[in-house]
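What follows is the residue order along each chain.
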Amino acid sequence: MASSDRNRPLPRRILGLAVAASLLFAGVSGSARAQTAESMLNRPAPVFVRSGPGGARVDLAQDRGRVVLLNFWATWCAPCRTEMPRFAAWQKEYGPRGLRVVGVSIDDSEPPVRAFLEKLPVDYPVVMGDRALAEQYGGVLGVPVTFLIDRRGIIRGRFEGETDLRALETRMRRLLDSGSP
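Criteria and thresholds
- Residues numbered from 1 in each chain as written.
- Predicted model: local features only at pLDDT ≥ 70, side-chain atom pairs only at ≥ 80, totals over all residues.
- Heavy atoms only, no water.
- Disulfide = S-S within 2.5 Å.
- Buried < 20%, exposed > 50% of the residue type's maximum accessible area, 1.4 Å probe, protein only.
- Helix = DSSP H or I, 4+ residues; strand = E, 2+ residues; numbered from the N terminus.
- Pairing = 2+ DSSP bridges.
- Right-handed = clockwise from strand over helix to strand, strands pointing away.
- Phe/Tyr/Trp six-rings, centres within 6.5 Å; stacked < 30°, edge-to-face > 60°.
- pLDDT = per-residue confidence, 0-100.
- Contact = heavy atoms within 4.5 Å.
- Expected span 1.5 Å × (residues − 1).
- Polar contact = N/O pair within 3.5 Å; in protein donor to acceptor, adjacent residues only side chain to side chain.

1. Notes on the state of the cysteines
At step 1: The tally for this structure, following the rule as stated, stands at one disulfide.
At step 2: Note on cysteine connectivity: Cys77 is disulfide-linked to Cys80, with sulfurs 2.4 Å apart. Looking along the S-S bond of the Cys77-Cys80 disulfide, the torsion reads about 80°, which is the right-handed sense.

Here it is as structure tokens:
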């Protein structure tokens, strides 16, 4: 291409097609990107249907009307091992008031999860997660990450890392008592 051709403006039709293509690409890449943690708050929780190593099956859409504590965890995570017995106690204590605890393991396969749950059994369902589910929930990159979802299915809290369990319980009880954030 001669240097004089480089300086010549593109015909309007080609320029219009280039702009349209770039807008289309930006829209596709933007929608494919995981939502950020902040944008998840006060929005509907992504629904999913998953199964777990113990045969548990969770359809999050069926939990409307309950407050859901959704906990992403892994067998190798020390803070997760600390939280799980407390979550099991909460399920027992607050379950009759409408709490549903759901664990989502991000382990690569079921056998280590099954072995872990034999040593530390919990009385709430544990299902297997994957990258797609983690991205739906704002890009869960590390664990533990816990979400509080109100009775209408709206995410009202996201707690990352080693969480102040008293603060989490206070927030959860508020949702159970009033159904509002």
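2. Focus: the pairing of strand 4 (residues 99-105)
At step 1: Burial analysis of strand 4 places seven of its seven residues in the buried class, the great majority of the element.
At step 2: Here strand 4 shows no split at all, with Leu99, Val101, Gly103 and Ser105 on one side and Arg100, Val102 and Val104 on the other all buried.
At step 3: Across seven bridges, strand 3 (residues 67-73) lies against strand 4 in parallel orientation. Its bridge partner being in strand 4, Val68 is matched across the sheet by Arg100.
At step 4: Regarding topology, helix 4 (residues 78-94) serves as the crossover connection from strand 3 to the parallel strand 4, and that connection is right-handed.
At step 5: Sheet topology places strand 4 next to strand 5 (residues 126-128); three bridges connect them, and they run parallel. Among the inter-strand pairings, Gly103 is bridged to a residue of strand 5, identified as Val126.
At step 6: Handedness of the β-α-β unit built from strand 4, helix 5 (residues 110-119) and strand 5 comes out right-handed.

3. Points about the packing of aromatic side chains
At step 1: Tallied over the entire structure, the rule returns six aromatic pairs.
At step 2: Cluster of aromatic residues (ring-pair linked, three or more members): Phe48, Phe72, Tyr137 and Phe147.

4. What to know about the confidence of the model for the chain
At step 1: Considering every residue of the chain, the mean pLDDT works out to 83; 77% of them sit at 70 or more.
At step 2: The spread of mean pLDDT over the elements of the chain runs between helix 2 (residues 12-32), the lowest at 37, and strand 3, the highest at 98.
At step 3: Predicted confidence is poor over residues 3-34, with pLDDT under 50, and the contacts of this stretch with residues over four places away or in other chains come to five contacts.

5. Re helix 7 (residues 165-178)
At step 1: Under the 1.5 Å per step criterion, the end-to-end length of helix 7 is 20 Å for 14 residues, consistent within 8% with the ideal 20 Å.
At step 2: Elements that come into contact with the buried residues of helix 7 comprise strand 3, helix 4, strand 4, strand 6 (145-149) and strand 7 (155-160).
At step 3: Structurally, the start of helix 7 carries an N-cap: the backbone nitrogen of Arg166 is 3.1 Å from a side-chain oxygen of Asp164.

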